[in-house]
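Okay, here's what each chain looks like letter by letter:
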Amino acid sequence: MTNINILSPHVADMIAAGEVVERPASVIKELVENSIDAGADSITIEIKNGGSSMIRITDNGSGMSPEDAGIAFMRHATSKLHDEYGLDSISTMGFRGEALAAISAVSRIDMVTREQGAEQGTRVILEAGDIQNMEECGCPYGTTITVRDLFYNTPARRKFLKTERSETTACTQTAVRCALSRPDISIHYIKDGSEEFFTPGDGDSLSGMYAIFGRDFANKMLSCNGSNDKVSVKGYVSSPAACRGNRAYQYFFCNNRYIRSPLLQAAVEQAYENSMLVGHYPACCLYIDIGYGAVDVNVHPTKTEVKFMEEKKVFDAVYHAALAAIQKENLLSTPAAPTDAAKISESDSVPAFRPSGTPARPETFRPRYEDSPARSYRSNTAPRDEAPVPFAFSGGSAAEQTSLDGFGATRPQPSGASDPEPQTKKSSSEVPPFRMIGEVMNTYILVQQDEKLIIIDKHACHERIIFDRLLTEDRSVMSQILMVPVTVKTDEETATLLEENGELLTDLGFELEPYGDNSHIIRAVPADMYESDVTAAFEEICQQLKDHRTVDLEARKTNILKTVACKAAIKAGWKTDVRELFVLAEAVVSQQIKYCPHGRPVAVVYTREDLDKEFKRIV
């Protein structure tokens, strides 16, 4: 007597349905992909009760003939694959011939379809995969499939569905992915009788994001384009200042197919390194075009996992495209508001002013004015609340000279002062004209450029300048010996990490010496660091070594340099010489500096229109 049974086709279909149809959202994905393969340029998605009671997909695609409609729900019936050779170069969304069979096996289906050019359409009614009725009917060109009572005949699967809200969220997310995957197709999504979104189908993914996520989201996206010899990348990534608290807004599409890819996530996030807040993630909508033979989509029945033949080339293409988009971002490029003579008088506007012949500025900022009569903020002993040193400058026209606390000042040249340490010079003509108004609260620099007011966080700006210099130096960081060595006590774990990373810390300008009982004496620190910040900086570095012990050496170095730069930068509340404020302002206006190493923006911009609205000068 045999113990092996051959399952009936119906039972086999119900088992196979579990691989393809996990939940109502899976039905939406499979049916919309069929509509896309049918050449539709308009698709409507409707759901009720999280999709468990009803899902309807309507398209204006090629439709089906009566003959095709009769066999479409048979397992492994497909119009997209003819032999095994087609698996090497799959260009369609579907190809397995499993979706309709799997869906019909666990639901009740009503399909009406009309082939393009046909006089009549066809209606097919199925229950649990069996055709109950098939007849001619009148209907528009295309196909409408209504799926009702999903998993009605498999109670074990139905009870594992989540709450209606959770299933609705999953359906919405799937509809969003389908809409973004093909911006050239208009997608209309209706949930419980209410329209959720309607994409225009104009071929621009930014239009789709605008329709789905709203204006504020779309306005913070940066155009992203790049390619190498085999991979092309296009789409949009978010401004570093608009990054999110999770990865929910990361969308990747390979040959217009939505995919999940840790490889692509890592490529994008690595591009944002040192420009994004810790714990935040960039939003993106990226389209990777690659030869069909260079990617395998036949990994899983859901087809959301793929394998790239040359992963490094794909990674590099995405990384460099995202990095280029971030670097091209112009934080100050807000359009000037048109002035209305009836609402704003000419006398209200203040022209930007830059005198000719102003001196060149060092591209890399090292604020050391030893020969200047003004106090350098590098002094550790100078009182931080002292009155600002008056300055008077010789040379140039009278308009170039000022001694009024920096108000209305142009770029000044100190009398008899030498330039800072030799650096690469940048012509002042390359820096867009601006007018520095002054400093408020000993924290923020106010600058006017054209019809914009720029408010700069001097600490964040200086921190970034120091960090970039330290990161790009091709030698070890210079040290300064402490007059009074600092003793710090650590736990055993930290002491071990310090010993393991001793060479790295020495390269970064620290000189440590074990002092017994897990204690260390700090004899030297990076030259830029203030002695008063040594203990706090060292404790922060120890914590970073703990948190990032598994990352590579370069990543550990970068994290430590962030701390060094933060402790070396001028602080909020400190009085700062006006010459130094000019250097910081120029770094921002010239777009050399955009974000601090931790991802905070260094400047906030208000347009003339923004201010006029606040004061009700315009409505």
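Residues numbered from 1 in each chain as written. Predicted model: local features only at pLDDT ≥ 70, side-chain atom pairs only at ≥ 80, totals over all residues. Heavy atoms only, no water.

### Overview of the overall build of the protein
And then number 1: Check the secondary structure of the protein and you find 17 helices and 24 strands.
And then number 2: Relative to its full complement of 619 residues, the protein shows a buried share of 48%.
And then number 3: Looking at the protein alone, contacts between residues at least 24 apart form 71% of all its contacts between residues at least 6 apart.
And then number 4: As presented, the protein carries roughly 29,800 Å² of accessible surface, and 51% of it is formed by carbon and sulfur atoms. (Helix = DSSP H or I, 4+ residues; strand = E, 2+ residues; numbered from the N terminus. Buried < 20%, exposed > 50% of the residue type's maximum accessible area, 1.4 Å probe, protein only. Contact = heavy atoms within 4.5 Å. Areas by Shrake-Rupley, 256 points an atom, 1.4 Å probe, with all protein chains shown as cover.)

### Structural notes on the confidence of the model for the protein
And then number 1: With 77% of its residues at a pLDDT of 70 or more, the protein has an overall mean of 80.
And then number 2: Across residues 81-87, confidence stays below pLDDT 50; counting only partners more than four residues off in sequence or on other chains, it has five contacts.
And then number 3: Within the model, the stretch residues 334-425 combines pLDDT values under 50 with 173 contacts to residues more than four positions away or in other chains. (pLDDT = per-residue confidence, 0-100.)

### With respect to the environment of Arg 244
And then number 1: Here Arg 244 is to be found in the loop between strand S10 (231-238) and strand S11 (250-254).
And then number 2: A sequence separation of 33 residues divides Arg 244 from Leu 277, and the C-alpha atoms of the two residues are 9.4 Å apart.
And then number 3: In contact with Arg 244, not counting residues within four places along its chain, are Phe 217, Tyr 249, Gly 279, His 280 and Tyr 281.

### Looking at the sheet that holds strand S9 (residues 221-227)
And then number 1: Spatially, five strands are ordered S9-S10-S13-S11-S12 in an open sheet, and the strand pairing comes out mixed. Edge positions in the sheet fall to S9 and strand S12 (257-259), since each of these pairs with one other strand and no more. Across the sheet, the axes of successive neighbouring strands diverge by a mean angle of 20 degrees, strand direction being ignored.
And then number 2: Pairing analysis gives seven bridges linking S9 to S10, with the strands arranged antiparallel. Pairing of Gly 226 across the sheet is with Val 233, part of S10. (Pairing = 2+ DSSP bridges. Axes fitted to C-alpha atoms, helices over the stretch in contact; angles between N-to-C directions.)

### Comments concerning the sheet that holds strand S21 (residues 479-489)
And then number 1: Taken in spatial order, the three strands of this open sheet run S21-S23-S22, and their pairing is antiparallel. On the outer flanks of this sheet lie S21 and strand S22 (511-514), each paired with one strand and no other. Taking the axes of each pair of neighbouring strands and ignoring which way they run, one obtains an average angle of 20 degrees across the sheet.
And then number 2: Bridge count for S21 against strand S23 (residues 519-526) is seven bridges, and the pairing is antiparallel. Its bridge partner lying in S23, Lys 489 is registered against Ser 519.

### Some points on the packing of helix H2 (residues 24-37) against helix H6 (residues 164-181)
And then number 1: For the pair H2 and H6, interaxial distance at closest approach is 8 Å and the crossing angle is 20 degrees. One way to sum up the angle between H2 and H6 is to call them roughly parallel. Classified by chirality, the crossing of H6 by H2 is right-handed. For the pair formed by H2 and H6, the contact residues are Pro 24, Ala 25, Ile 28, Lys 29, Val 32 and Ile 36 on the first element and Glu 167, Ala 170, Cys 171, Thr 174, Cys 178 and Ser 181 on the second.
And then number 2: Of the residues that constitute the contact of H2 with H6, the class distribution is eight nonpolar, two polar and two charged. (Parallel < 35°, antiparallel > 145°, perpendicular 65-115°, else oblique. Left-handed = near helix turned anticlockwise from the far one by under 90°. Nonpolar A, V, L, I, M, F, W, Y, C, P; charged D, E, K, R; others polar.)

### Considering the pattern of salt bridges
And then number 1: Counting across every chain of the model gives 29 salt bridges.
And then number 2: Taking the shortest distance from any N to any O, the salt bridge between Glu 540 and Lys 567 comes out at 3.8 Å. You can see Glu 540 sitting in helix H14 (residues 534-547) and its partner Lys 567 sitting in helix H15 (residues 553-568), a full 27 residues away along the chain.
And then number 3: A relative accessible area of 16% places Lys 567 in the buried class.
And then number 4: One network of salt bridges, in which partners are shared, links Asp 229, Lys 230, Glu 310 and Lys 313. (Salt bridge = Lys/Arg side-chain N within 4 Å of Asp/Glu carboxyl O.)

### Describing the nonpolar core
And then number 1: Counting 53 residues, the largest nonpolar core has Ile 43, Ile 45, Val 147 and Leu 180 as its most contacted members.
And then number 2: Top element by residues in this core is H6. It accounts for seven residues.
And then number 3: Residues in contact with Ile 45, not counting those within four places in the same chain, are Ile 28, Val 32, Arg 56, Ile 57, Ala 175, Ile 187, His 188, Tyr 189 and Ile 190.
And then number 4: Cys 224, Ile 259, Ala 271 and Val 295 belong to the second-largest nonpolar core, a separate cluster that totals 32 residues. (Core = buried A, V, L, I, M, F, W, Y, C linked by side-chain atoms within 4.5 Å.)

### Topic: helix H10 (residues 311-328)
And then number 1: With 18 residues, H10 extends 26 Å from end C-alpha to end C-alpha; this agrees with the ideal 26 Å at 1.5 Å per step.
And then number 2: Those residues of H10 not exposed but buried are Val 314, Phe 315, Ala 317, Val 318, Tyr 319, Ala 321, Ala 322, Ala 325 and Ile 326. (Expected span 1.5 Å × (residues − 1).)

### Points about the packing of aromatic side chains
And then number 1: Within the structure shown, the criterion is met by 10 aromatic pairs.
And then number 2: Between the aromatic rings of Phe 213 and Tyr 249, the centroid separation amounts to 5.3 Å while the plane-to-plane angle is 70 degrees, which identifies the pairing as edge-to-face. In this pair, Phe 213 sits in helix H7 (residues 205-213) while Tyr 249 sits in the loop between S10 and S11, placing the two residues 36 residues apart along the sequence.
And then number 3: The class for Phe 213 is partly exposed, based on a relative accessible area of 23%.
And then number 4: Residues Phe 315 and Tyr 319 carry aromatic rings whose centres are separated by 6.4 Å and whose planes lie at 10 degrees to one another, so their mutual orientation is stacked. Residue Phe 315 and its partner Tyr 319 are both found in helix H10; the two are separated by four residues, about one turn of the helix. Each member of the pair, Phe 315 together with Tyr 319, is buried. (Phe/Tyr/Trp six-rings, centres within 6.5 Å; stacked < 30°, edge-to-face > 60°.)

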